[in-house]
Amino acid sequence: MRAEAGYPPDAADRLLPEYDFVVVGGGSAGSAVAARLAEVAEWRVLLLEAGADPPLTADIPPLFHSLQESEIDWGYETEPQEAACLGMQGRRCYWPRGKVLGGSSVLNAMLHVRGNPRDYDAWEAAGNPGWAYRHVRPYFIKAESFEMPQEPHPWGDYSASEHGAAGPLRLTQSAWRSPLSGAVLRASGARAYLCPAASRANLHVVRRAAASAVLVDPATLAATGVRFLLAGRNHTVRAAKEVVLSAGTVGSAQLLMVSGIGPRRHLESLGIPVVRDLPVGENLQDHMQLVAPTYLFNRSHPQERTASQRMDDVYEYFAHRTGPLASLDLLQVQGFIKTKYEDPQDDYPDVQYQHIRFPHKDFETVERVSRVTRFRPEVHEAVFGRPVSRSEIYVQLAVLQRPRSRGTIRLRSADPLVPPVIDPRYLTHPHDVAVLVEGAKFSARMAKTKALAKDFEVEMSREPVPGCEHLAWETDEHWACVVRTLATTIYHPVGTCKMGPHTDPAAVVDARLRVHGVQRLRVVDASVMPTIVTANINAPVVMIGEKGADMIKQDWGAIAA
């Protein structure tokens with residue numbers, strides 16, 4: 001099979017019975033791990049990916065929402081939530097996850113944010129040596145190839161020494177700027193890592209290969225290979241050195257549990273023989289974004305893209321890689337604040353802001369966004385429908401950075417093809433609601449500043465949120481109701497295979513990402529994060545892939561420790 005867009009060819013017709021390393025999952029971390037391990041010429045590396053290559057539209061930043069609910073999306077849904085997702089159908093939040101080379105980096109907004117150094121220092125302080133920011137910073141730099149802006153940035157200069165110049169992950173300042181924005185864009189993990197590795201004969205990539213079990217020798221408790229489904233048939237491949245799971249916070253946890261590695265009582269209830277009793281699937285954390293308040297702006301001269309202008313946008317993008325389709329518009333804008341719930345002496349923000357904008361009467365886009373958030377029809381009309389019929393609209397998304405609520409992932413069935421039970425238990429800790437209320441109040445104050453209220457005619461929509469009409473406008477009680485009704489995932493689940501020492505009863509892997517008590521098995525993806533970072537998670541996940549690959553090389557003598 002001939003690969004498209006420079007990806008490695010599919011190796012399904014030339015599979016070997018044994019590889020040195022079998023990597024499960026071709027997302028941001030798995031792509032990095034497989035490509036870096038294949039740098040050792042004598043190692044044979046197999047990458048198994050349940051999906052196929054990204055479609056052409058995956059390269060167009062504003063279209064990432066259109067890829068959700070498609071064949072490259074696992075399309076998970078949470079369990080009905082008691083304290084959150086009240087405005088969604090069935091009180092369930094939708095969880096898009098990438099089923100494609102590049103993983104969820106193909107479905108997300110292409111923003112590269114490292115996080116706060118204190119995030120990583122806390123990981124090391126919790127018993128994970130080598131994960132402080134001073135240790136992980138070189139891996140961020142190693143991954144990056146940053147193009148310095150041609151013109152001075154309006155908010156200050158980028159430091160060339162703080163960013164890498166020779167890494168596989170190409171970072172650029174936005175190719176087109178909204179009048180209200182400016183930021184950094186990137187390529188998917190697969191394009192960054194697998195395309196440059198496409199010619200390596202020792203790297204085999206198999207698409208549409210759904211891993212169904214990690215094989216573990218019961219006598220030695222060592223991983224020996226992987227069973228997977230390909231073209232309707234079960235296959236088994238051996239791993240001479242290690243099996244590496246990079247299937248993500250959902251996928252890695254599910255695969256461990258169906259393989260007998262997980263909470264004993266839960267596995268036994270499904271008739272799964274227990275290989276190792278570990279708290280897999282616990283410690284689930286996610287950032288929630290508040291899709292409110294909605295602002296009307298540019299009311300006296302609303303911008304409305306005509307059909308002709310949209311065609312011009314398409315031409316400009318494909319001909320020159322510029323114009324609105326080369327940009328994420330206001331979603332580029334990033335900002336952080338610290339609410340009253342943080343120590344005033346600490347420089348550690350607890351709310352992030354991102355922004356979305358919809359042109360006047362852009363009903364198609366607002367309906368698509370509303371659909372993937374699963375808003376009920378009356379909620380959609382209040383948040384998006386009626387406002388966009390009157391004006392351009394803009395939403396300043398307050399994102400909770402360090403949630404205290406913890407959820408779980410559990411198996412629904414011993415069948416690995418059955419989606420698991422995802423219960424994030426959103427907003428079950430009152431602190432999370434309180435922080436998002438402060439985030440909403442800050443947004444409301446922003447709308448009244450001269451820069452927005454006068455220059456862009458910004459005015460907060462007064463459309464009542466269904467279920468919150470009885471509460472006095474802009475009181476804390478009102479905002480708390482809005483938070484529980486409209487807040488949803490921003491696609492950052494982490495933590496279900498927590499990294500920690502063997503003395504930590506909640507830990508699944510150690511500081512070198514080896515599964516406790518199981519030899520030759522590692523997890524290298526977002527699921528190992530002990531606590532979620534203060535940022536979008538893609539850049540940290542790539543860092544974990546880079547660092548994990550080096551740890552493997554060190555442990556097998558390919559590079560110095």
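The preceding data block contains the structure.
Note that the structure is predicted; figures quoted are calculated from it, not measured.

Thresholds, definitions, all that
Residues numbered from 1 in each chain as written. Predicted model: local features only at pLDDT ≥ 70, side-chain atom pairs only at ≥ 80, totals over all residues. Heavy atoms only, no water. Helix = DSSP H or I, 4+ residues; strand = E, 2+ residues; numbered from the N terminus. Buried < 20%, exposed > 50% of the residue type's maximum accessible area, 1.4 Å probe, protein only. Areas by Shrake-Rupley, 256 points an atom, 1.4 Å probe, with all protein chains shown as cover. Disulfide = S-S within 2.5 Å. Axes fitted to C-alpha atoms, helices over the stretch in contact; angles between N-to-C directions. Parallel < 35°, antiparallel > 145°, perpendicular 65-115°, else oblique. Contact = heavy atoms within 4.5 Å. Core = buried A, V, L, I, M, F, W, Y, C linked by side-chain atoms within 4.5 Å. Polar contact = N/O pair within 3.5 Å; in protein donor to acceptor, adjacent residues only side chain to side chain. 1 Å grid on protein atoms, 1.4 Å probe; cavity = no way out; pocket = protein on both sides within 12 Å on 5 of 7 lines; lining within 4 Å. Points joined across faces, edges and corners; volume = space filled by probe spheres on them. Nonpolar A, V, L, I, M, F, W, Y, C, P; charged D, E, K, R; others polar.

Chemist: So what's going on with the overall build of the chain? Which residues, and what values?
Modeler: On a plain count of helices and strands, the chain comes out with 14 helices and 23 strands. Taken across its 561 residues, the chain has 60% of its residues classed as buried. As displayed, the chain offers around 21,800 Å² of accessible surface, 52% of which is attributable to carbon and sulfur atoms.

Chemist: Tell me about the state of the cysteines, and name the residues and values.
Modeler: For the structure shown, the criterion picks out two disulfides. Sulfur-sulfur distance for the disulfide between C468 and C481 comes to 2.1 Å. Disulfide C468-C481: the torsion about the S-S bond is -85 degrees, which places it as left-handed. On the criterion of sequence distance, the pair formed by C468 in the loop between strand 21 (459-460) and helix 13 (476-486) and C481 in helix 13 is long-range, its members being 13 residues apart.

Chemist: Break down the packing of helix 11 (residues 430-446) against helix 13 for me, with residues and values.
Modeler: It is at 9 Å that the axes of helix 11 and helix 13 come closest, and there the two elements cross at 110 degrees. Compared by their axis directions, helix 11 and helix 13 come out roughly perpendicular. On helix 13, the residues that touch V433, L436, V437, A440, K441 and A444 of helix 11 are D476, W479, A480, V483 and R484.

Chemist: Tell me about the nonpolar core, residues and numbers included.
Modeler: Counting 146 residues, the largest nonpolar core has W131, L290, F384 and L521 as its most contacted members. When residues of this core are assigned to their parent elements, the largest contribution, seven residues, is made by helix 14 (residues 538-555). Every residue in contact with F384, bar those within four places of it in the chain, is listed here: V291, F358, V366, V369, S370, F375, I393 and V395.

Chemist: Describe in detail the side chain of S252, supporting the description with residues and values.
Modeler: Here S252 is to be found in helix 6 (residues 248-258). Side chain to side chain, S252 and D525 meet in a polar contact 2.6 Å long. With residues near it in sequence (within four places) discarded, S252 still touches L245, S246, A247, C497, V523, D525 and S527.

Chemist: An account of empty space enclosed by the protein is needed here, citing residue identities and associated values.
Modeler: In the structure shown here, the tally under the stated rule is three cavities of 30 Å³ or more. In this structure, the largest cavity spans a volume of roughly 120 Å³. In this structure, the largest cavity is lined by 15 residues; those nearest its centre are P293, T294, S461, E463 and V465. The element best represented in the lining of the largest cavity is helix 13, accounting for four residues. Taken as a whole, the second largest cavity spans an internal volume of roughly 70 Å³. Every residue along the wall of the second largest cavity is listed here: L284, Q285, D286, M288, L400, P403, S405, P424, Y426, L427 and D432. Split into classes, the residues belonging to the lining of the second largest cavity amount to seven nonpolar, two polar and two charged.

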